[in-house]
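# Breakdown of the fold
Each chain, letter by letter, is given below.
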Amino acid sequence: MSTVGFTVPLPSLPSQLNLQKQDRKAPWIPTPQLLRKYPILRHLSSCKTLKDLTQIHAQTITTGIFSDNFVASRILSFAALSPHGSIPYARFLFYRIRKPDIFIANTLIRAYAFSPNPIAAIVFYSEILESSLVFPDVHTFPLLFKACSEIPSLRLGEAIHSQVCKLGWSGEVSVSNFLVQMYASCGLIDSAELVFDRIPECDDASWNIMIGGYLKCGVFESARRMFEAMPNRDVVSWSVMITGYMQGSCFKEALCHFRDMMEEKIEPNESVLVNVLSACAHLGAMEQGKWIERYMERKNVRLTVRLGTALIDMYSKCGSMERALEVFYRMKEKNVLAWSAMINGLAINGQGKDALNLFSQMEVQGIKPNEVTFIGILNACSHSKLVDEGCHFFHSMTSVYGLKLNAHHYCCMVDLYGRAGMLNQAQAVIKGMLFQPNSAIWGALLNACRIHGDTELGEQVGRRLLELEPNHSGRYVLLSNIYAACGRWDRVAELRRMMRERHVSKTPGCSFIDLGDAIHEFVAGDNSHPQLEMIYAKLDEMSQELKVAGYKPDTGQVLLDMDEEEKETTLSQHSEKLAIAFGLIKTDSGTTIRITKNLRVCKDCHSATKLISKIYNREIVVRDRCRFHHFRDGSCSCMDFW
């Protein structure tokens, strides 16, 4: 299982409409002039439920004022755009208006375009065209292009582009901006550039959308050049760049860009702060995350639900549960995402029972758990060997909470049974699924076979995975581990040959350590670090101390048929050992060393790190792709169950 059981939702790349939507007051609030004419509309300001809206609507019908389009548009706007509204009810209202105008139609198109079902915007637009109810205006097409971007559909986008040209509106900046976004969202960055170059007078939104398009298509260098060439760079422009880096998994670049932003004295908005905290979470950069929290305190930034949740996620993924809990209990408002982030943080840090206790508190507070909450709960049970509890929560999802099971939940159950050595039950879960198991589920079972040495089942599952994901290097490595453990070097060689023939490269193990001023990255056998000589000298010292303490390298972890001495050398240069050596050199005695690794920690490194924590009297926190390991005084928080 990956540690990414919970991820803070990142802000999307800003679009012109999103920004307008944020800056404008609620469109259903009547103007003072309209209120004087129709006082009943004052109730829209305090309307909180659909039932309230239907009562207001009923009163406008009985008094006859619903026939005024100004009144009808306010009620429809609430139904379409308010979080307390209902798009189906808005559609119902539209067809009850005697003579709907394009402003009212655009309101409903906007609602559909920003909904989970954006193609409904195109369907509705087609309906009103065919019925000749209204004729589109210049404000209609940005909304339609937005819908095409969200689907995404190049065919529909090109058809609407053709209509724009026929109507002579291709020179309108707002239309062109969203045309750029549509082509970029469909992967046609050259077409997006062509449209951008033909805009008569670009506004700030034009630049931001084109930069966002480059980032969405992975053309980072072009995005950076355009950003640097911008005539006016405000917080939105910086936010577009940082969000794009985050969505492209360029976490170090996102943090570097944030530092540049701070140097230029640009005040970050909430979206930027959420993004950079998420970057810190991915990199395990707690020192930089702590700086951001201190910045927020200095600037009196309100601890919103989004920011609080991002801080919880960051501290949890840096292995500091004390700080995560402190933020959690400091938050004045907590929604289901905040509770889920805290539960998942406890789960991946090996505090399964604490996660279950927090879930009980959540229920007492009247917060209804969602599907994400249960991923955290099931992870907690899996990592803490709470099999009975995990089974209870899994079955209660449907029977008690009325939630729908998805692949993540089944994957957690296979992992739960598999880690506990109950491979028959894990297979029964897969057989009982109502849909085809995905590669993650088979991967959980394969990992269980590796843990418990079931070569026969592991071979069956591994071969199935190689059919499903022939280009996934991790599947080859895991199956190789199973073969190597029982000395079947011919099979290991066969898998290596398959990888060469299919041009599959093994993902190199790399580890990060955050020392505040910079994030240092190490790969296995690293020869590139500027302080290389010092690091390897420390590594030699560690090796000697380990031998004195009775450590014997687990050469069975090396997937090459070489002599024992070569295997020992290979093991001693794993990336996390290099990072630990650097941490011992660069930090004061007694300081906690925090390492983030992109792959699962191997058995040998796990054993060695336990001893290193005792020899050097250090707490060492290692986050691998599965969970956290808190090493203290010769033992690990996982209790050797991972």
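Computed from a prediction, not measured in an experiment: that's the story for all the values here.

### Let's talk about the environment of Thr592
Along the chain, the position of Thr592 falls in the loop between α32 (575–586) and β3 (593–597). When the C-alpha positions of Thr592 and Arg618 are compared, they lie 6.2 Å apart, and in sequence the two are 26 residues distant. Each residue touching Thr592, except ones within four places of it in the same chain, is listed here: Glu619 and Val621.

### What to know about the sheet that holds strand β5 (residues 628–632)
Spatial ordering of the open sheet is given by β2-β1-β3-β4-β5-β6, a layout of 6 strands whose pairing is mixed. In this open sheet, the two strands that pair with only one neighbour each are β2 (519–523) and β6 (635–636). Strand direction decides the pairing type here: β3 and strand β4 (residues 620–623), joined by 4 bridges, are parallel. Within β4, the residue paired with Ile595 across the bridge is Val622.

### Let's talk about the nonpolar core
In this structure, Phe145, Ile211, Met314 and Leu445 are the most contacted members of the largest nonpolar core, which totals 166 residues. Among the elements that line this core, the one with the most residues is helix α16 (residues 270–283), at 9 residues. Apart from the residues within four sequence positions on either side, Leu445 is in contact with Val414, Leu423, Ala426, Gln427, Ile430, Leu457 and Val461. Judged by nonpolar contacts, the second largest core, of 28 residues, contains Ile593, Cys605, Phe631 and Cys636.

### Topic: the packing of aromatic side chains
The tally for this structure, following the rule as stated, stands at 22 aromatic pairs. Consider the rings of Tyr95 and Phe124, whose centres lie 6.5 Å apart with planes at 80 degrees: the pair is edge-to-face. Taken as a pair, Tyr95 in the loop between α5 (87–94) and α6 (102–113) and Phe124 in helix α7 (residues 119–130) lie far apart in primary sequence, 29 residues in all. You can call Tyr95 partly exposed: its relative accessible area is 37%. Measuring from ring centre to ring centre gives 5.5 Å for Phe522 and Phe582, while their planes differ by 55 degrees; the resulting arrangement is tilted. Residue Phe522 is located in strand β2, and its partner Phe582 is located in helix α32; the two are separated by 60 residues in the primary sequence. Note on Phe522: relative accessible area 1%, which makes it buried. Here the aromatic cluster, defined as three or more aromatic residues joined through ring pairs, consists of Phe94, Tyr95, Tyr112 and Phe124. Seen from the ring of Trp291, Arg298 lies directly overhead, with NZ or CZ sitting 5.7 Å from the centre. It is Lys334 that lies over the ring of Phe328; its NZ or CZ is 4.9 Å from the centre.

### Details of the packing of helix α22 (residues 371–383) against helix α24 (residues 407–419)
Relative orientation of the contacting elements α22 and α24 amounts to 5 degrees, with a least axis distance of 9 Å. On the basis of their axis angle, the class for α22 and α24 is roughly parallel. On α24, the residues that touch Glu371, Phe374, Ile375, Leu378, Asn379, Cys381, Ser382 and His383 of α22 are His408, His409, Cys412, Met413, Asp415, Leu416 and Arg419. Split into classes, the residues belonging to the contact of α22 with α24 amount to 7 nonpolar, 5 polar and 3 charged.

### Remarks on the pattern of salt bridges
Following the criterion strictly, the structure yields 26 salt bridges and no others. Ionic pairing is found between Lys597 and Glu576, a salt bridge with its closest N-O pair at 2.9 Å. You can see Lys597 sitting in strand β3 and its partner Glu576 sitting in helix α32, a full 21 residues away along the chain. Per residue, the accessibility class of Lys597 equals that of Glu576, and both read buried. Through salt bridges that share partners, Glu459, Arg463, Arg488, Arg491 and Glu494 make up one connected network.

### So, the side chain of Ser511
Within the fold, Ser511 resides in strand β1 (residues 510–514). A polar contact of 2.8 Å, which involves the side chain of Ser511, links it to the side chain of Ser575. Beyond its immediate chain neighbours, meaning those up to four positions away, Ser511 contacts His520, Glu521, Phe522, Ser575, Glu576, Ala579, Ile595, Thr596 and Lys597.

### Focus: the pairing of β2
Examined bridge by bridge, β1 and β2 share 5 bridges and lie antiparallel to one another. Paired with Ile513 across the strands is His520, a residue of β2.

### Details of the side chain of His383
The topology assignment puts His383 in helix α22. With relative accessibility at 4%, the residue His383 sits in the buried group. Apart from the residues within four sequence positions on either side, His383 is in contact with Ala347, Arg419, Cys626, Arg627 and Phe641.

### Looking at the packing of α6 against helix α8 (residues 140–150)
When two helices pack together, their arrangement is given by the angle between the helix axes and by the axis-to-axis distance. Between α6 and α8, the shortest axis-to-axis distance is 9 Å and the interhelical angle comes to 15 degrees. In terms of axis orientation, α6 runs roughly parallel to α8. For the element pair α6 and α8, the recorded crossing hand is left-handed. Between α6, through Ile102, Asn106, Ile109, Arg110 and Ala113, and α8, the contact on the second element is made entirely by Thr140, Leu143, Leu144, Lys146, Ala147 and Glu150.

Rules behind the numbers
Residues numbered from 1 in each chain as written. Predicted model: local features only at pLDDT ≥ 70, side-chain atom pairs only at ≥ 80, totals over all residues. Heavy atoms only, no water. Helix = DSSP H or I, 4+ residues; strand = E, 2+ residues; numbered from the N terminus. Contact = heavy atoms within 4.5 Å. Pairing = 2+ DSSP bridges. Core = buried A, V, L, I, M, F, W, Y, C linked by side-chain atoms within 4.5 Å. Buried < 20%, exposed > 50% of the residue type's maximum accessible area, 1.4 Å probe, protein only. Phe/Tyr/Trp six-rings, centres within 6.5 Å; stacked < 30°, edge-to-face > 60°. Lys NZ or Arg CZ within 6 Å of the ring centre and 35° of its normal. Axes fitted to C-alpha atoms, helices over the stretch in contact; angles between N-to-C directions. Parallel < 35°, antiparallel > 145°, perpendicular 65-115°, else oblique. Nonpolar A, V, L, I, M, F, W, Y, C, P; charged D, E, K, R; others polar. Salt bridge = Lys/Arg side-chain N within 4 Å of Asp/Glu carboxyl O. Polar contact = N/O pair within 3.5 Å; in protein donor to acceptor, adjacent residues only side chain to side chain. Left-handed = near helix turned anticlockwise from the far one by under 90°.

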